[in-house]
Amino acid sequence: MLHQAILRYKHCDRVLFACTGGVARRCRSVLAARVCQMASMTMNIHGPGADKLRAEGCSSACSRDTPRVEPAELTEYMKALPAWHLNADKTMITRTFTARNFMAAIRFFNKLAEVAEAEGHHPDIHLRNFREVEINLSTHAVGGLTLPDFAMAAKLDALDIEYSPKWAKQEAERLAATVTGQGEDGDGTSVKVEASAP
Ligand SMILES: C[C@H](O)[C@H](O)[C@H]1CNC2=NC(N)=NC(=O)C2=N1
């Protein structure tokens, strides 16, 4: 869609370029703004310390002896994962998003499955209304949250996701409003989202 918009812009630009006068110039600037607006936006889902979390993993199989995260760690880890939400009793973290379409959601699930199987730590995954994705992470062996849950969340946040452009625009605005800037160790990385006309 974006590619078509750029082609349209180039075609119109050539036509408009041949015209002279203020009207042509105004039309060209409107067209350029439209293409820029459709180009991309930044959705900052990697909070401070996300890289460090992503490098963690399930050093060994999760068991009932796997330590639960402490309250201070919980606060730190959630700052690294602004796209995730902590449930009321602090035993699970959840991320939801709307995929571009059904196959985009399935492609994401397949990428998630590779990561989860490689790490030996498995989220609960749900797909509703053909493209609404929900991922839940908790360590079943302890019935609560351990470091592998946060490591897995950070790894999943690094996967390339084909979002619904409309949803991505809303989420980018939400995150921009909630993220209070990166700490000194913030990796500050962000996700470029191609947003084309819905
Ligand atoms: C033996 C194997 O590592 C364990 O059964 C793993 C598998 N994946 C897991 N995934 C999650 N989310 N919690 C667990 O307790 C868990 N245990």
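This write-up is about the structure you can find in this document. Because the structure is predicted, anything quoted here is derived from the model rather than measured.

1. A look at the overall build of the protein chain
Phase 1: A tally of regular secondary structure across the protein chain gives seven helices and six strands.
Phase 2: When the helices and strands of the protein chain are read in sequence order from the N terminus, they spell out α-α-β-α-α-β-β-α-β-β-α-α-β.
Phase 3: Here the protein chain holds 198 residues, and the buried ones make up 40% of them.
Phase 4: A fraction of 77% describes how many contacts in the protein chain between residues 6 or more apart in sequence connect residues 24 or more apart.
Phase 5: Split by element, the accessible area of the protein chain, about 11,200 Å² in all, is 56% carbon and sulfur.

2. Points about the packing of aromatic side chains
Phase 1: Under the definition given, this model contains six aromatic pairs.
Phase 2: Ring geometry for Phe97 against Tyr163: centres 5.4 Å apart, planes inclined by 80 degrees, an arrangement best described as edge-to-face. Here Tyr163 lies in the loop between α6 (147-157) and α7 (165-178) and Phe97 lies in strand β3 (residues 93-98), a separation of 66 residues in the sequence. Taken as a pair, Phe97 and Tyr163 share a single burial class, namely buried.
Phase 3: An aromatic cluster is built from Phe97, Phe108, Phe109, Tyr163 and Trp167, whose rings are joined through pairwise contacts.

3. Here we look at a nonpolar patch on the surface
Phase 1: Taken together, Phe102, Met103 and Phe130 make up a surface patch of nonpolar side chains, about 320 Å² in accessible area.
Phase 2: The exposure class assigned to Phe130 is exposed, which follows from its relative accessible area of 52%.

4. Structural notes on helix α5 (residues 102-119)
Phase 1: The end-to-end C-alpha separation of α5 is 26 Å, in line with the 26 Å expected for 18 residues at 1.5 Å each.
Phase 2: Tucked into the core, α5 has its buried residues touching β3, β4 (124-128), β5 (132-137) and α6.
Phase 3: Its side-chain oxygen 3.2 Å from the backbone nitrogen of Met103, Asn101 forms the N-cap of α5.

Analysis parameters
- For every chain, the first residue of its written sequence is number 1, and the numbers climb from 1 along that sequence.
- Where local features are concerned, this predicted model is filtered to residues with pLDDT of at least 70; where side-chain atom pairs are given and counted, the filter is 80 or more; whole-chain, interface and lining totals use all residues.
- Side-chain metrics rest on all non-hydrogen atoms present in the structure, leaving aside hydrogens and water.
- The way it works is that DSSP assigns letters per residue, a run of H or I at least four long becomes a helix, a run of E at least two long becomes a strand, and they are numbered from the N terminus.
- Each residue's exposure class comes from its accessible area (1.4 Å probe, protein chains only) as a fraction of the maximum for that residue type: buried when under 20%, exposed when over 50%, partly exposed otherwise.
- A contact between two residues is defined here by any heavy atoms of the two lying within 4.5 Å.
- Here the Shrake-Rupley method, with its probe set to 1.4 Å, supplies the accessible areas, and only the displayed protein chains count as covering residues.
- Any Phe, Tyr or Trp ring, taking Trp's six-membered ring, that has another such ring centre within 6.5 Å forms a pair; planes under 30 degrees apart are called stacked, those over 60 apart edge-to-face, and the others tilted.
- Patch construction takes residues with relative accessible area above 30% that form no salt bridge. Like charges are linked within 9 Å, and nonpolar side chains (Val, Leu, Ile, Met, Phe, Trp, Tyr) are linked within 5 Å.
- Definition used for salt bridges: Asp or Glu carboxyl oxygen within 4 Å of a side-chain nitrogen of Lys or Arg.
- Working rule for helices: expected span equals 1.5 Å times residues minus one.
- Under the rule applied, a polar contact is a pair of N or O atoms within 3.5 Å (in protein, one hydrogen donor and one hydrogen acceptor; residues adjacent in sequence only if both atoms are side-chain atoms).

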